[in-house]
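So you can see what is in the structure, the chains are spelled out below.
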Amino acid sequence: MRKLLILVALLGCLAVIVVGGNPAFTAWQDVPKESKTQPKEVVLAKDSQSDKYGEVSFKHENHATKNYSVDGKSVLACVECHHTDQPASALKPPLKTSERPVVLTAALLQAADAKPVKACRACHLQAGDDSAPLPTVTYPDKPAPTKLTNEVAYHTNCNICHDKAIAARPALKGKVPGSNDCLPCHKPVT
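Just so we're clear, the structure is a prediction, and the values are computed from it rather than from any experiment. Just so you know, the residues in each chain are numbered from 1, in the order the chain's sequence is written. In view of the model being predicted, local features appear only for residues whose pLDDT reaches at least 70, and side-chain atom pairs are presented and counted only at 80 or more, with totals across whole chains, interfaces and linings using the full set of residues. Just so you know, side-chain values use all the structure's heavy atoms and leave hydrogens and water out.

Novice: What exactly am I supposed to notice about the overall build of the chain here?
Specialist: Scanning the chain for helices and strands turns up five helices and seven strands. The secondary structure listing takes helices from DSSP runs of H or I that are at least 4 residues long and strands from runs of E that are at least 2 residues long, numbered from the N terminus. Reading the helices (α) and strands (β) of the chain from amino to carboxyl end gives α-α-β-β-β-α-α-β-β-β-α-β. Put simply, the chain has 190 residues, and 22% of those count as buried. The criterion used for residue contact is that any of the two residues' heavy atoms lie within 4.5 Å. Contacts in the chain between residues far apart in sequence, at least 24 positions, make up 39% of those at least 6 positions apart. Relative accessibility under 20% of the residue-type maximum defines a buried residue, over 50% an exposed one, and the middle range a partly exposed one, all with a 1.4 Å probe and only protein chains included.

Novice: I would appreciate a short explanation of the nonpolar core in the present structure.
Specialist: A general trend in soluble globular proteins is that nonpolar side chains are found buried together. Of all hydrophobic cores here, the largest spans five residues; its members are Val42, Leu44, Val56, Phe58 and Tyr154. Every element with two or more residues in this core is listed here: strand E2 (42-44) and strand E3 (53-58). Take the buried residues of types Ala, Val, Leu, Ile, Met, Phe, Trp, Tyr and Cys, join any two whose side-chain atoms come within 4.5 Å, and each joined set is a nonpolar core.

Novice: Can you help me understand helix H5 (residues 150-168) in this one?
Specialist: Each α-helix winds once per 3.6 residues, and so residues spaced three or four apart point in a common direction. Look at H5: 27 Å from first C-alpha to last across 19 residues, which is about the 27 Å you get at 1.5 Å a residue. Along H5, the residues that are buried comprise Asn150, Ala153, Tyr154, Ala165 and Ile166. Looking straight down H5, one finds that the buried residues subtend no more than 170° of arc, so they occupy a single side. Residues of H5 that are buried sit in contact with E2. Multiply 1.5 Å by the residue count of a helix minus one, and that product is the helix's expected span. Relevant arc is that of directions from the helix axis to the C-beta atoms, nothing else.

Novice: Please explain the sheet that holds E2 as it appears in this structure.
Specialist: Should DSSP find at least two bridges between two strands, the strands are taken to pair. With respect to topology, three strands assemble into an open sheet ordered E2-E3-E7, the strand pairing being antiparallel. At either margin of the open sheet sits one strand with a lone partner, and together these are E2 and strand E7 (186-188). In this sheet, adjacent strand axes meet at a mean angle of 35° when their direction is disregarded. Of the strand pairs in this sheet, E2 and E3 are connected by three bridges, and their pairing is antiparallel. The convention used is that axes are lines fitted to C-alpha atoms, helices contributing only their stretch in contact, and that angles between N-to-C directions extend from 0 to 180 degrees.

Novice: Where do I start with the environment of Lys96 in this structure?
Specialist: Mapped onto the elements, Lys96 comes out in the loop between helix H3 (60-65) and helix H4 (106-110). A C-alpha to C-alpha distance of 9.6 Å links Lys96 and Pro135, two positions 39 residues apart in sequence. Aside from chain neighbours lying at most four places away, what touches Lys96 is Leu91 and Thr136. Think of a polar contact as two N or O atoms within 3.5 Å of one another; within protein, one of them needs to be a possible hydrogen donor and the other a possible acceptor, and neighboring residues in sequence only count if both atoms come from side chains. From its side chain, Lys96 meets the backbone oxygen of Thr136 in a polar contact 3.2 Å long.

Novice: Just to check I follow, could you spell out the state of the cysteines for this structure?
Specialist: Two cysteines form a disulfide when their sulfur atoms are joined by a covalent bond. Cysteine sulfur atoms that come within 2.5 Å of each other are treated as a disulfide pair. Here the structure, examined in full by the defined rule, presents zero disulfides. Cysteine Cys158 shares no disulfide, and the gap to the nearest cysteine sulfur, in Cys81, comes to 6.6 Å. On the basis of relative accessibility, which here comes to 31%, the residue Cys158 falls in the partly exposed class.

Novice: Looking at this structure, how should I read the side chain of Asp85?
Specialist: Within the fold, Asp85 resides in the loop between H3 and H4. Residues contacting Asp85, with those up to four places away along its chain left out, are Val79, Arg100, Val102, Val103, Leu104 and Val117.

This is the structure we're talking about:
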């Protein structure tokens, strides 16, 4: 009996080491609702309700440090995605929510007294999650307001930016996924 208990304890410890130290398993961990640390990579849509398209590995570090602007000449501003992290006076329609008196920058985030950045999922919840009100926006070409679930927010923000970059730099076509290219970003569901 004692040997069996020792074996079970050893296997439990081994499981903790394998799961805890393996990057494949860290993708399962929840992204914090807010953070002062910029992640290298974020897993989007890990709770996708699609039976065809799975999660998306978003390389935050690349988008935050390389010349990924539409024209390819500068680094993206944090507020391109973290749109609430700017003063109300800087918001462009259809954006309405502002939660920061100054524009968020990487340098600002490093300050000891800096307010943490909210993850997208803090506001843009999954369809069917009614734990908080979903933001809505009325687009000029649509008669009814659009609920900005996480899926709608990700697709709108990512696709519009990628489509604009491809239009500005045709050499990117086929190298950068656009609105109609799902599988370069989404892992296929197995």
